[in-house]
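# Remarks on the overall topology
Okay, here's what each chain looks like letter by letter:
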Amino acid sequence: KGAKAKKSRSSRSSRAGLLFPVSRVARQLRRGHFAERFGARAPVYLAAVLQWVTHKTMDVAGKISKKSKQQRISPSHLQTAMQKISVLKQLLRGSVPRRHVRTVPQSQRVASPSKKKATKSKKR
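Now for a quick tour of the structure. (Residues numbered from 1 in each chain as written. Predicted model: local features only at pLDDT ≥ 70, side-chain atom pairs only at ≥ 80, totals over all residues. Heavy atoms only, no water.)

## Quick notes on the overall build of the protein chain
- Assigned secondary structure in the protein chain consists of five helices and zero strands.
- Of the regular secondary structure in the protein chain, the N- to C-terminal order runs α-α-α-α-α.
- Counting over 124 residues, the protein chain shows a buried share of 16%.
- Taking as baseline every contact in the protein chain between residues at least 6 positions apart, the subset at least 24 positions apart corresponds to 34%. (Helix = DSSP H or I, 4+ residues; strand = E, 2+ residues; numbered from the N terminus. Buried < 20%, exposed > 50% of the residue type's maximum accessible area, 1.4 Å probe, protein only. Contact = heavy atoms within 4.5 Å.)

## Notes on a positive patch on the surface
- A cluster of basic residues, R12, R15, R24, R27, R30 and R31, forms a positive patch on the protein surface.
- Those elements that provide at least two residues to the positive patch are helix 1 (12-16) and helix 2 (22-32).
- Considering every element that reaches the positive patch, the biggest residue donor is helix 2, with four residues. (Patch = residues over 30% accessible without salt bridge, like charges linked within 9 Å, V, L, I, M, F, W, Y side chains within 5 Å. Areas by Shrake-Rupley, 256 points an atom, 1.4 Å probe, with all protein chains shown as cover. Salt bridge = Lys/Arg side-chain N within 4 Å of Asp/Glu carboxyl O. Lys, Arg positive; Asp, Glu negative; His and termini not counted. Charge placed at Lys NZ, Arg CZ, Asp CG, Glu CD.)

## Considering the environment of K63
- Mapped onto the elements of the fold, K63 is located in helix 3 (residues 42-67).
- Separated by 18 residues in sequence, K63 and A81 have C-alpha atoms that sit 9.0 Å apart.

## A few points about helix 2
- Along helix 2, the residues that are buried comprise V22, V25, A26 and L29. End-on, the buried residues of helix 2 take up no more than an arc of 100°, which puts them together on one face.
- The first or second residue beyond helix 2 is H33, which carries a positive phi of 55°. (Arc of directions from axis to C-beta.)

## Points about the environment of L29
- Here L29 is to be found in helix 2.
- The residues touching L29, leaving out its near neighbours within four places in the chain, are F34, F38, P43 and L46.

## Comments concerning a nonpolar patch on the surface
- A surface patch of nonpolar side chains, amounting to about 360 Å² of accessible area, comprises Y45, L46, V49 and L50.
- Here V49 falls in the partly exposed class, since its relative accessible area comes to 33%.

## Description of the nonpolar core
- Residues V53, V60, A61, I64, A81, I85 and L88 constitute the largest nonpolar core, which totals seven residues.
- Excluding residues that lie within four positions of it along the chain, I85 makes contacts with K56, T57 and V60.
- One finds V22, V25, L29 and A47 within the second-largest nonpolar core, a separate group that totals five residues. (Core = buried A, V, L, I, M, F, W, Y, C linked by side-chain atoms within 4.5 Å.)

## Regarding the packing of helix 2 against helix 3
- Close contact between helix 2 and helix 3 brings their axes to 8 Å; oriented N to C, the two are set at 110°. The angle between the axes of helix 2 and helix 3 places the two elements in the roughly perpendicular class. Taken as a pair, helix 2 and helix 3 cross one another with a handedness that is right-handed. Packed against helix 2, whose contacting residues are V22, V25, A26 and L29, the element helix 3 presents P43, V44, L46, A47 and L50 at the interface. (Axes fitted to C-alpha atoms, helices over the stretch in contact; angles between N-to-C directions. Parallel < 35°, antiparallel > 145°, perpendicular 65-115°, else oblique. Left-handed = near helix turned anticlockwise from the far one by under 90°.)

## Comments concerning the pattern of salt bridges
- In this structure the tally under the stated criterion is one salt bridge.
- Between D59 and K63 there is a salt bridge, with the nearest N and O atoms lying 3.8 Å from each other. One end of the pair is D59 and the other is K63, both in helix 3 and four residues apart, which spans about a single turn.
- Judged by its relative accessible area of 36%, D59 is partly exposed.

What follows is the structure, encoded as structure tokens:
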């Protein structure tokens, strides 16, 4: 009987290359009852988005605190950072930020009379 090779355990966060906890995000999605079912990649994507938002906010807030010659990031620095980043500003306002993609305008539809066939009842 050969010895079984041990699987090295690695978290979903480390497999995805993230710092934010994917398992915790998945648990919160299940507990929140946002949907009956969700895919295996949904918590990974959401954790990545949360990590990006946090990184971007902290980066801008750090630059603001350096500019004001302070060593600590204060809540006012975070608030200013959120107002400076247009995507996050839209996100907090409630509107969904979208990419600027050129779309072909749809032709305006003109109301036309319906073409229903008049059926005559036949007597047998």
